[in-house]
Structures are given as structure tokens and as C-alpha cells.
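# Fold and geometry: a report
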Amino acid sequence: MSVYDKLKELDITLPPVAVPAAAYVPYVQTGNLVFLSGHIARKDGKPWVAQFGRDIGVEEGKQAARAVAIDLLGTLHAATGDLNRVKRIVKLMSLVNSTGDFTDQHLVTNGASELMGQVFGDAGKHARSAFGVAQIPMGACVEIELIAELG
């Protein structure tokens, strides 16, 4: 099944590439690897502002991480021209805006990881890091970056 057929089955429409908020580019390709800059969680077109352990829980956080993953797929599509060229999702790095006693960053990040598996199958299984951080730009609850290999 084509990646685009899978996205349609999941009722996902790829968004356009977001304009960078600072001095960076949305993605860089070197050789057969594409590095996507961090994307923050957005809700209703605005930064999804929240901090885990204070005003957002794991289940809602998984939705935020999934939303970030959809934005990443939009950028990956722009970078590759065709998501079917993706040989493997290599790595996700997730920053989770957390209080000092929140320790479920890995569960929040599952929202993105699970979507990559749904979209790419075995090629969506990736290495991953999930960190709790004191703050993310614009107060967003989650930021995720991605590395993909092209075939």
C-alpha cells in the first residue's frame, strides 16, 4: 500500500511546511538522510501551550505528539517530493515541556512513534529519545525532530 493510501485511510491531510520561527531551515538533506528541524505542537493553528505535570496529561499529550508527527510528515513530503521514497524513519527526538516531577515523557512521545509505525509499517520503527525540559519555544507542550533515510 502506498504511504498516501495509508494517510487517506487514517484521514490525514498533510499540512504545508511551516515557516521557521527563527534562523534555521525546515530540513536539510545530506546523502540519503533527511534531517527535519524540531516542530512544535499546534492546536487550532497556534502553539499548543501547556506543561506536563501541571495542566496537561499523558493522553492529551499523545494527541499533541501525533499532531506534531503529522506536521513532520508534511515537511518530509516537501523535502522528498514523495513519501514513498522513505526507506526508514531512523530517529525521533522528543522534547516534552514538563515539571520536575513528571516522568512519562516516553508515553507522550508514543503518540508520534505509533503514527510513524501506522504510516510506514516496519520502516516506521525508529530509534528515539524523549526528554523532559523546563520550557519549549512559545510555551509549546511538545517539540519533535526527525531523521529519515531515503531509498
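The structure we're discussing is the one just above.
Residues numbered from 1 in each chain as written. Predicted model: local features only at pLDDT ≥ 70, side-chain atom pairs only at ≥ 80, totals over all residues. Heavy atoms only, no water.

## Focus on the packing of aromatic side chains
Quick reminder of the rule: Any two of the Phe, Tyr and Trp rings considered here, Trp counted by its six-membered ring, make a pair once their centres fall within 6.5 Å; the pair's planes then place it as stacked at under 30 degrees, edge-to-face at over 60, or tilted in between. A run of H or I in DSSP counts as a helix once it spans at least four residues, and a run of E counts as a strand once it spans at least two, with each numbered from the N terminus. The classification of residues rests on relative accessible area computed with a 1.4 Å probe and restricted to protein chains. Under 20% of the type maximum is buried, over 50% is exposed, and intermediate values are partly exposed.
Scanning the entire structure with this criterion turns up one aromatic pair. Taken together, a centroid distance of 5.3 Å and an interplanar angle of 40° make the contact between F52 and F102 tilted. Taken together, the residues F52 in the loop between β4 (46-47) and α2 (58-80) and F102 in the loop between β5 (86-97) and α3 (105-120) connect sequence positions 50 residues apart. An identical accessibility class is assigned to F52 and F102; each is buried.

## Brief notes about the nonpolar core
Threshold: Note on terminology: a nonpolar core comprises buried Ala, Val, Leu, Ile, Met, Phe, Trp, Tyr and Cys residues joined through side-chain atoms within 4.5 Å. In this description, contact between two residues means that some pair of their heavy atoms is separated by no more than 4.5 Å.
In terms of nonpolar packing, the biggest core is built from 38 residues, with L76, F120, C141 and L146 touching the most fellow members. Those elements that place two or more of their residues in this core are α1 (3-9), β2 (33-40), α2, β5, α3 and β7 (142-150). Considering every element that reaches this core, the biggest residue donor is α2, with 10 residues. Ignoring anything within four residues of it in the chain, the contact list for L76 reads V34, L36, L83, V86, I89, F120, L146 and A148.

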